Amino acid sequence: MYYVYTNGITDFEIDFSKLGLTFRKLNVEEEKNFLSRYQKVYRLKKEFNNCIRVYDNDRSRFRKIKIELESKDNIIEFLLSEWRFHEKKPVFHKSVDDLLDKIMVIDINEEKLKKYIEPEDFNIFLKQFIGLSFIYDKKTIDLKNDRPLFLSKRFNFTAEEEIIAKYLFNDCSNPSSHLLVSSKSLKMYCEIMYEFFSKLDADEIFRFIEIIEMYNITNGFKPNLLINNILIIESLIINGDKDKNIAKEFVRKTALFLINGNENYKLKNCITELDYLYNIRSDIVHGNTKKLFSDFGNLKNTLPDLNYPSIDRESKMHKKIIIVKFSYALSERILNDILKLWLSKPDELKFIKNM
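Quantities reported herein were computed from a predicted structural model and do not represent experimental measurements.

**So, the pairing of strand β4 (residues 103-108)**
Inference 1: Where strand β1 (residues 2-6) and β4 come together, four bridges link them in antiparallel fashion. From the neighbouring strand, Y5 faces β4, where its bridge partner is I103.

Written out as structure tokens, the structure is:
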């Protein structure tokens, strides 16, 4: 069983029978167990606050109270750690019934899921599977600052909700056992994925798993992330048995898929952006800094309306860093749009790939 904490009421149930996953809300017995767990912690509220108060002035007393509290409930160690190292002081509410309405349960049929995923990797896969729903929360991409702009602040979670959610889950012994996600986007995502999986055979499900594994590579090094984004698009679009001119087919097929499915893409602009990204990828792989600057300049001349960062007064090395960050942001925007189209129109992508 796997839990997901959302920012809204979870009022739907979806069964991904091919994968062996069922998304549902808490049942009565599970709610009872959660409330019992929370009430046990709530009764320690005064002692916990007293422990915090003496921390600065009497460390020996702090340690004594801390040991006593942790002997009563091992959640206390987590709460004190959050307070000391992350400056998050838990707020104890008398009632958390409304928070329990925001919990989504994922039941796992191990026999079905282990056809595709090793049991020890179930949690990693589920985190990646649910995390893909974030593509429906990204309003746009800030090309100047190479970061996605998400809906609101942390999906409208308050600090209190976040920490309450954490110490309701599995004694907080495994932070990856839950996620904080937008309920609206999760429901939309699950409905899209239900239709998506209904059209996939076993080989295509394996391919989907490979794609989301690639998508979740997060080493933070922008050149690698940019190259990885291009590789994901290639793996979705390019037919290795038929396509000989990879660069040409990458641009042609990706543009065809985007302009037919997303009205924000116009043919000429789309081709220009894709051609630029493939060139930048090659520039990075082959270490051709001079051509990287030239490709960036050509893009600015051809598509002057994009939100470009300023590099005129920067050093050569810093210019390269800024261009790579800009290019990564551009690739992220295009990749997210492709993924959303793929999930809603897998047959169309398959047709274009095999053209």
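The structure having been displayed, the exposition proceeds.
**Let's talk about the confidence of the model for the protein**
Inference 1: Across the protein, the average pLDDT comes to 83, with 84% of residues at 70 or higher.
Inference 2: Low pLDDT, under 50, characterises residues 147-157; the predicted model gives this stretch 30 contacts beyond four residues in sequence or across chains.
Inference 3: Confidence drops under pLDDT 50 across residues 170-177; counting only partners more than four residues distant or on other chains, this segment forms 16 contacts.

**A word on a negative patch on the surface**
Inference 1: A grouping of E118, E120, D121 and E213 is seen on the molecular surface, where their side chains present a negatively charged patch.
Inference 2: Exposure remark for D121: the relative accessible area of 33% places this residue in the partly exposed category.

**Considering helix α10 (residues 202-215)**
Inference 1: Along its 14 residues, α10 runs 20 Å from first to last C-alpha, staying within 8% of the 20 Å computed at 1.5 Å per residue.
Inference 2: Among all positions in α10, only E204, I205, F208, I209, I211, I212 and Y215 are buried. Projection of α10 onto a plane perpendicular to its axis shows the buried side chains occupying an angular sector of 160 degrees, all on one side.

**Looking at the pairing of β1**
Inference 1: The buried count for β1 comes to five of five residues, which makes it a mostly enclosed element.
Inference 2: Here β1 shows a buried face lined by Y2, V4 and T6 and a second buried face lined by Y3 and Y5.

**Quick notes on a positive patch on the surface**
Inference 1: A cluster of basic side chains, namely R53, R61, K64 and K89, defines a positive patch on the protein surface.
Inference 2: In this structure, R53 sits in helix α2 (residues 45-53).
Inference 3: For R53, a relative accessible area of 57% corresponds to the exposed category.

**Here we look at the pattern of salt bridges**
Inference 1: All told, the structure shown has 13 salt bridges when counted by the stated rule.
Inference 2: Taking the shortest distance from any N to any O, the salt bridge between R24 and E30 comes out at 2.8 Å.
Inference 3: With a shortest N-O distance of 3.0 Å, E273 and R333 are connected by a salt bridge. Here the residue E273 occupies a position in helix α13 (residues 267-285), and R333 occupies one in helix α15 (residues 316-344), the gap between them amounting to 60 residues.

The rules behind each value
- Residues numbered from 1 in each chain as written.
- Predicted model: local features only at pLDDT ≥ 70, side-chain atom pairs only at ≥ 80, totals over all residues.
- Heavy atoms only, no water.
- Pairing = 2+ DSSP bridges.
- Helix = DSSP H or I, 4+ residues; strand = E, 2+ residues; numbered from the N terminus.
- pLDDT = per-residue confidence, 0-100.
- Contact = heavy atoms within 4.5 Å.
- Patch = residues over 30% accessible without salt bridge, like charges linked within 9 Å, V, L, I, M, F, W, Y side chains within 5 Å.
- Areas by Shrake-Rupley, 256 points an atom, 1.4 Å probe, with all protein chains shown as cover.
- Salt bridge = Lys/Arg side-chain N within 4 Å of Asp/Glu carboxyl O.
- Lys, Arg positive; Asp, Glu negative; His and termini not counted.
- Charge placed at Lys NZ, Arg CZ, Asp CG, Glu CD.
- Buried < 20%, exposed > 50% of the residue type's maximum accessible area, 1.4 Å probe, protein only.
- Expected span 1.5 Å × (residues − 1).
- Arc of directions from axis to C-beta.

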